[in-house]
Amino acid sequence: MEDNVWRPAHLTPEQMEERRLEAARLLRQGQLSQAGIARHVGVSRASVCRWAATLAQDGPRGLQARPIPGQLPRLDEKAWTRLGRLLDRGAIAAGFATERWTLARIAALVEREFGVHYHPRYLERPLKAHGFSVQRPATRAKERDELVIAVWPKREWVALKKRRGGSAGPSCSWMRQATASGRGRPRPGRDAG
């Protein structure tokens, strides 16, 4: 067998069953060692050893694919697509007070629209798996006025720079006025003349 043979990274349960049954056929023929069978089907020698034990105990039925345990996904792809459209419309359109989507709100929407209950804590993983991402809105004050903010640097900042740089306008209370000698406040009795 060639070493540069492409092997898929992920196999379906049916493909894995087919691989196990091929290994079982080769084991029954007895022409290859377990290491040779492992190289042929692309698995470890320990897997072939385990399959040989299963084959001896349960026969070929023991190597068949088993149903995947666990609960089936509760929303199908069509429902996830519809949920995406509902989320795109916005939270207010879905009957909530603000535009912020939270996991609790999405869970309530899913239950109301599809009749499927998700706990909000466990809804994040399936949302991410279906391409949804966390969107945190930029928090801004309701009173924020973009026009005033855009004009401020042109008007106010220029006035502040002019006042600070040239004129000897009113100084701050913590600053002392410099005297002619340049030393600050004159000492009593000395330079008073």
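Note: the structure precedes this text.
A quick note: this is a predicted structure, and the numbers were derived from the prediction, not measured. (Residues numbered from 1 in each chain as written. Predicted model: local features only at pLDDT ≥ 70, side-chain atom pairs only at ≥ 80, totals over all residues. Heavy atoms only, no water.)

## Structural notes on the nonpolar core
Piece 1. Residues Leu75, Leu83, Val110 and Tyr118 are the most contacted members of the largest nonpolar core, which totals 17 residues.
Piece 2. Looking at this core, the elements that each hand over two or more residues are helix H4 (77-89) and helix H5 (103-114).
Piece 3. When near neighbours in sequence (up to four residues on either side) are disregarded, Tyr118 contacts Arg74, Leu75, Trp80, Ala107, Val110, Leu123 and Pro126. (Core = buried A, V, L, I, M, F, W, Y, C linked by side-chain atoms within 4.5 Å. Buried < 20%, exposed > 50% of the residue type's maximum accessible area, 1.4 Å probe, protein only. Helix = DSSP H or I, 4+ residues; strand = E, 2+ residues; numbered from the N terminus. Contact = heavy atoms within 4.5 Å.)

## Digging into helix H3 (residues 45-58)
Piece 1. In this model H3 runs 20 Å from its N-terminal to its C-terminal C-alpha over 14 residues, within 8% of the 20 Å that 1.5 Å per residue would give.
Piece 2. Residues of H3 that are buried: Ser47, Val48, Trp51, Thr54 and Leu55. Along the long axis of H3, the arc covered by the buried residues comes to 120°, so they all point the same way. Residues Arg45, Ala46, Ala56 and Gln57 are exposed on H3 and point more than 90 degrees away from its buried face.
Piece 3. Those residues of H3 hidden inside the fold are in contact with helix H1 (13-29) and helix H2 (34-41).
Piece 4. Phi turns positive, to about 80°, at Gly59, one or two residues after H3. (Expected span 1.5 Å × (residues − 1). Arc of directions from axis to C-beta.)

## Regarding the packing of aromatic side chains
Piece 1. Tallied over the entire structure, the rule returns 3 aromatic pairs.
Piece 2. Centroid distance Trp80 to Phe132: 6.3 Å. Interplanar angle 45°. Geometry classified as tilted. In this pair, Trp80 is assigned in helix H4 and Phe132 in the loop between helix H6 (124-129) and helix H7 (146-165), connecting sequence segments 52 residues apart.
Piece 3. By relative accessible area, Phe132 is classed as partly exposed at 23%.
Piece 4. With 5.8 Å between their ring centres and 75° between their planes, Phe96 and Trp101 make a pair best called edge-to-face.
Piece 5. Since its relative accessible area comes to 18%, Phe96 is described here as buried.
Piece 6. An aromatic cluster is present here, built from Trp80, Tyr118 and Phe132 joined pairwise through their rings. (Phe/Tyr/Trp six-rings, centres within 6.5 Å; stacked < 30°, edge-to-face > 60°.)

## What to know about the side chain of Arg105
Piece 1. When you line up the elements, Arg105 lands in helix H5.
Piece 2. Lacking a salt bridge, the buried Arg105 has Glu99 as its closest oppositely charged neighbour, with an N-O distance of 7.5 Å.
Piece 3. Here the side chain of Arg105 touches Arg100 through a polar contact of 2.6 Å, landing on its backbone oxygen.
Piece 4. Not counting residues up to four positions away in its chain, the partners in contact with Arg105 are Ala91, Phe96, Ala97, Thr98 and Arg100. (Lys, Arg positive; Asp, Glu negative; His and termini not counted. Salt bridge = Lys/Arg side-chain N within 4 Å of Asp/Glu carboxyl O. Polar contact = N/O pair within 3.5 Å; in protein donor to acceptor, adjacent residues only side chain to side chain.)

## Overview of the packing of H1 against H2
Piece 1. Taken N-terminus to C-terminus, the directions of H1 and H2 make an angle of 145°; their axes are 10 Å apart at the nearest point. H2 is crossed by H1, and the crossing has right-handed handedness. Residue-level inspection shows Arg19, Glu22, Ala23, Leu26 and Leu27 of H1 in contact with H2, the latter providing Gln34, Ile37, His40 and Val41.
Piece 2. For the contact of H1 with H2, the residue count by class is 5 nonpolar, 2 polar and 2 charged. (Axes fitted to C-alpha atoms, helices over the stretch in contact; angles between N-to-C directions. Left-handed = near helix turned anticlockwise from the far one by under 90°. Nonpolar A, V, L, I, M, F, W, Y, C, P; charged D, E, K, R; others polar.)

## A few points about the environment of Glu77
Piece 1. Position of Glu77 relative to the elements: it lies in helix H4.
Piece 2. Residue Glu77 is classed as exposed on the basis of its relative accessible area of 54%.
Piece 3. A sequence separation of 53 residues divides Glu77 from His130, and the C-alpha atoms of the two residues are 8.7 Å apart.

## Quick notes on the packing of H2 against H3
Describing two packed helices takes the angle between their axes plus the distance from one axis to the other.
Piece 1. Across the interface, H2 lies against H3 with an axial gap of 8 Å and an inter-helix angle of 110°. Compared by their axis directions, H2 and H3 come out roughly perpendicular. Viewed along their axes, H2 and H3 form a crossing whose handedness is right-handed. Of H3, the residues touching H2 (which contributes Gln34, Ala35, Ile37, Ala38 and Val41) are Arg45, Val48, Cys49, Trp51 and Ala52.
Piece 2. Grouping the constituent residues of the contact of H2 with H3 by class yields 8 nonpolar, 1 polar and 1 charged. (Parallel < 35°, antiparallel > 145°, perpendicular 65-115°, else oblique.)

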